[in-house]
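Geometric and topological summary
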Amino acid sequence: MAVYKDSTFLIECDRPHFDTRFAPGTTVSASGIYRCTCCGQETAAGIGQLLPGHDQHSHPFEFGPACWQLIVLAQ
Ligand SMILES: [Zn+2]
């Protein structure tokens, strides 16, 4: 889970960016912290960068496919 020290640097918002799920290897259009909805691992990605692919982040078959969700949007 993402953590922070000073909450004055974070604000809550309801942008649609947070509702989208991204496949491994997707090029992101928003910089921020992404979380795997399957195992909870987090990664940072900037605009135009790729989310970890299947060869960089995978799960046992029974866990289902990895999927990424934006949890902190960097502005
Ligand atoms: Zn995962």
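Let us look at the structure shown here. What you are looking at is a predicted structure, and each value in this text was computed from that prediction instead of being measured. (Residues numbered from 1 in each chain as written. Predicted model: local features only at pLDDT ≥ 70, side-chain atom pairs only at ≥ 80, totals over all residues. Heavy atoms only, no water.)

Ranked by size, the top nonpolar core spans twelve residues in total: Phe-18, Phe-22, Val-28, Ala-30, Tyr-34, Cys-36, Ala-45, Leu-51, Ala-66, Trp-68, Leu-70 and Leu-73. The set of elements that each furnish at least two residues to this core consists of strand S2 (32-36) and strand S4 (68-73). For this core, the leading source of residues is S4, giving three residues. Here Ala-66 is in contact with Pro-24, Cys-36, His-57 and His-59, once residues within four sequence places are set aside. (Core = buried A, V, L, I, M, F, W, Y, C linked by side-chain atoms within 4.5 Å. Buried < 20%, exposed > 50% of the residue type's maximum accessible area, 1.4 Å probe, protein only. Helix = DSSP H or I, 4+ residues; strand = E, 2+ residues; numbered from the N terminus. Contact = heavy atoms within 4.5 Å.)

What follows covers the layout of surface pockets. Considered as a void within the structure, the largest pocket measures approximately 430 Å³ in volume. Contributing to the lining of the largest pocket are 16 residues, with Leu-10, Ile-11, Ile-71, Val-72 and Leu-73 lying nearest its centre. In terms of residue count, S4 provides more of the lining of the largest pocket than any other element does, three residues in total. Considering only residue class, the lining of the largest pocket consists of twelve nonpolar, two polar and two charged. (1 Å grid on protein atoms, 1.4 Å probe; cavity = no way out; pocket = protein on both sides within 12 Å on 5 of 7 lines; lining within 4 Å. Points joined across faces, edges and corners; volume = space filled by probe spheres on them. Nonpolar A, V, L, I, M, F, W, Y, C, P; charged D, E, K, R; others polar.)

The residue Gly-64 is located in the loop between strand S3 (42-45) and S4 in this model. Residue class for Gly-64 comes out partly exposed when judged on its relative accessible area of 24%. On a C-alpha basis, the gap between Gly-64 and Ala-30 in space is 25 Å, while along the polypeptide they are 34 residues apart. In contact with Gly-64, other than residues within four places in its own chain, are Cys-38 and His-59.

Attention now goes to the packing of aromatic side chains. Throughout the structure, instances matching the rule amount to one aromatic pair. Consider the rings of Phe-22 and Tyr-34, whose centres lie 5.9 Å apart with planes at 75°: the pair is edge-to-face. On the criterion of sequence distance, the pair formed by Phe-22 in strand S1 (residues 21-22) and Tyr-34 in strand S2 is long-range, its members being twelve residues apart. Each member of the pair, Phe-22 together with Tyr-34, is buried. (Phe/Tyr/Trp six-rings, centres within 6.5 Å; stacked < 30°, edge-to-face > 60°.)

Honestly, that's just the spatial picture; any functional story needs more than this.
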